[in-house]
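Architecture at a glance
The primary structure of each chain is shown beneath.
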Amino acid sequence: MNRILYVDVVKCLAIFLVVWGHLIPNCSAVDSVDMTIYSVIFSFHMPLFAIMSGMFFRPDTDWKTFLRNKTLGILLPLVFWSFLQEGLISPVRMLMANEAISVHGVVRNCFYCVMYWELWFLKALFMCFCYAYVSAHWFHSVRSVIVVGVCSVLLLYLLSLCGILPNKSQFLIGFIFLYPFFWVGYILRQCHWIESKLVWLMAALVWIVLFQFWQGHDDTFYGMNTSYFAHDGVNGMLLVQKVLLRLLIGIAGSVALIGAIRQLATILSESNVWWNHIAKAGQYTLGVYTLHWVIIMRYVPMPTVPDGMVGVVLCWCLSVLVMAGCLFMCRLLMHNKWIAMLTIGKN
């Protein structure tokens with residue numbers, strides 16, 4: 001399958017924003033400059049991944065092929081890292097608590113880690129693919145698939161806002177959060193709107209306007225979980241406004257970035273060395289996402305940087321080093337196809 005270079009470039013920038021966004025609160029005091037950058041990143045970085053996934057969603061794929069690809073590419077690394085970490089950490093935790101090491105307890109903790117671990121995005125993305133596939137698999141026209149997709153989004157949000165769906169599980173909240181962006185990506189690709197220069201320029205303008213109202217909440221799911229606002233008395237139309245703001249600013253920021261990179265791709269030659277290097281890095285987004293969290297963010301202490309622009313530059317440089325380290329690890333893991341499949345979902 002021929003890869004689309006600008007798509008890989010967008011994915012590379014998207015995963016870098018994830019790494020940078022995670023490092024800001026971990027290595028700085030988050031002053032006004034940091035907080036602005038943090039708010040910009042969190043306004044659209046995860047919606048961008050969902051939209052990119054939706055752009056290449058194919059509901060006409062054979063169900064066996066679909067399930068095998070998504071299980072091996074998304075779920076397998078999640079299960080592997082969950083069992084590896086808990087399998088090593090749980091016995092140590094039991095010994096420190098003067099408890100006897102229980103095989104049953106270790107296995108239970110491993111399964112709990114799979115269900116409720118920090119890698120919420122992998123589980124939420126898998127649910128997006130599966131729910132979208134089941135919703136649209138039996139419809140053969142693009143228009144029917146889009147109608148079914150929109151209806152399934154509305155149903156999901158109605159159940160969530162009415163409190164019918166549970167909102168305690170992080171990855172379930174993440175699924176509700178990502179699902180509409182997933183279908184936006186599918187619609188953009190099928191209707192060829194992403195190819196329009198006017199669309200991405202308008203999206204950039206909308207994002208600039210909406211950002212003035214964006215509070216920069218430090219939770220990615222801002223506006224998606226009714227329990228976050230229950231204690232503040234936020235309900236009714238105000239809650240709907242918050243949800244709409246979260247959806248629109250995520251869509252606008254993502255479309256603006258995708259369109260800008262696509263426009264840049266028409267200017268740059270495909271033989272451009274730097275362009276190809278960036279695109280190559282974009283092929284390892286799942287690996288970088290997984291490795292930077294389970295290894296770098298958990299077990300590597302982050303240095304504290306000073307406030308102000310100096311700190312911003314240092315944090316950016318540190319983010320580049322972290323991403324380069326994760327890419328290096330991905331390339332090492334790719335030397336064995338079984339290890340690559342287990343750890344970063346590559347086959």
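Residues numbered from 1 in each chain as written. Predicted model: local features only at pLDDT ≥ 70, side-chain atom pairs only at ≥ 80, totals over all residues. Heavy atoms only, no water.

This part takes up the packing of aromatic side chains. This model, assessed by the stated rule, comprises 23 aromatic pairs. Each ring, one from tryptophan 120 and one from phenylalanine 121, has its centre 5.9 Å from the other, and the planes form 90°; the classification is edge-to-face. Phenylalanine 121 shares its class with tryptophan 120; the two are buried. Both rings, one in tryptophan 183 and one in tyrosine 186, keep their centres 5.3 Å apart while their planes meet at 80°; by these two values the pair is edge-to-face. In this pair, tryptophan 183 and tyrosine 186 are both assigned in helix α7 (residues 170-190), 3 residues apart and thus about one turn of the helix distant. Accessibility expressed as a relative area gives 3% for tyrosine 186, which makes it buried. An aromatic cluster is built from Phe57, Phe66, Phe129, Tyr131, Tyr133, Phe175, Tyr179, Phe182, Trp183 and Tyr186, whose rings are joined through pairwise contacts. The ring centre of phenylalanine 129 lies 4.0 Å from the NZ or CZ of lysine 70, which sits over that ring. (Phe/Tyr/Trp six-rings, centres within 6.5 Å; stacked < 30°, edge-to-face > 60°. Buried < 20%, exposed > 50% of the residue type's maximum accessible area, 1.4 Å probe, protein only. Helix = DSSP H or I, 4+ residues; strand = E, 2+ residues; numbered from the N terminus. Lys NZ or Arg CZ within 6 Å of the ring centre and 35° of its normal.)

Moving on to unusual backbone geometry. We note that histidine 192 has phi near 60°; this positive angle belongs to a residue other than glycine. You can call histidine 192 partly exposed: its relative accessible area is 48%.

Once that is clear, we can look at a nonpolar patch on the surface. A cluster of nonpolar side chains, Val79, Phe83, Val103, Val107 and Phe111, forms an exposed patch at the surface whose accessible area comes to about 440 Å². For the nonpolar patch, the elements supplying multiple residues, two or more each, are α3 (63-96) and α4 (103-116). If one sorts the elements of the nonpolar patch by residue count, α4 sits on top with 3 residues. Residue placement: valine 79 occurs in helix α3. (Patch = residues over 30% accessible without salt bridge, like charges linked within 9 Å, V, L, I, M, F, W, Y side chains within 5 Å. Areas by Shrake-Rupley, 256 points an atom, 1.4 Å probe, with all protein chains shown as cover. Salt bridge = Lys/Arg side-chain N within 4 Å of Asp/Glu carboxyl O.)

Tallied over the entire structure, the rule returns 3 salt bridges. As a salt-bridge pair, arginine 3 and aspartate 8 come within 2.8 Å of each other at their nearest N and O atoms. The residue aspartate 60 makes a salt bridge to arginine 58 at a minimum N-O spacing of 3.5 Å. By the burial criterion, aspartate 60 is exposed, and arginine 58 matches it.

With 15 residues, helix α8 (residues 197-211) should cover 21 Å at 1.5 Å per step; its first-to-last C-alpha distance of 21 Å lies within 8% of that length. Listed as buried for α8 are Trp200, Ala203, Trp207, Leu210 and Phe211. Within α8, the buried residues cover an arc of 95° as seen down the axis, which keeps them to one side. Residues of α8 that are exposed and angled more than 90 degrees away from the buried face: Leu198 and Leu205. (Expected span 1.5 Å × (residues − 1). Arc of directions from axis to C-beta.)

It is worth spelling out the state of the cysteines at this point. For the structure on display, the rule yields 0 disulfides. No disulfide involves cysteine 128; its nearest neighbouring cysteine sulfur is the one of cysteine 130, lying 9.5 Å away. Classification of cysteine 128 as buried rests on a relative accessible area of 1%. (Disulfide = S-S within 2.5 Å.)

At their nearest, the axes of helix α1 (residues 5-27) and helix α12 (residues 285-299) sit 9 Å apart, and the two run at 15° to each other. In terms of orientation, α1 and α12 fall into the roughly parallel class. Crossing geometry of α1 relative to α12 is assigned as right-handed. Facing α1, whose interface residues are Lys11, Cys12, Ile15, Val18, Val19, His22, Leu23 and Asn26, α12 presents Thr285, Val288, Tyr289, His292, Trp293 and Met297. Per-class residue counts for the contact of α1 with α12 are 9 nonpolar, 4 polar and 1 charged. (Axes fitted to C-alpha atoms, helices over the stretch in contact; angles between N-to-C directions. Parallel < 35°, antiparallel > 145°, perpendicular 65-115°, else oblique. Left-handed = near helix turned anticlockwise from the far one by under 90°. Contact = heavy atoms within 4.5 Å. Nonpolar A, V, L, I, M, F, W, Y, C, P; charged D, E, K, R; others polar.)

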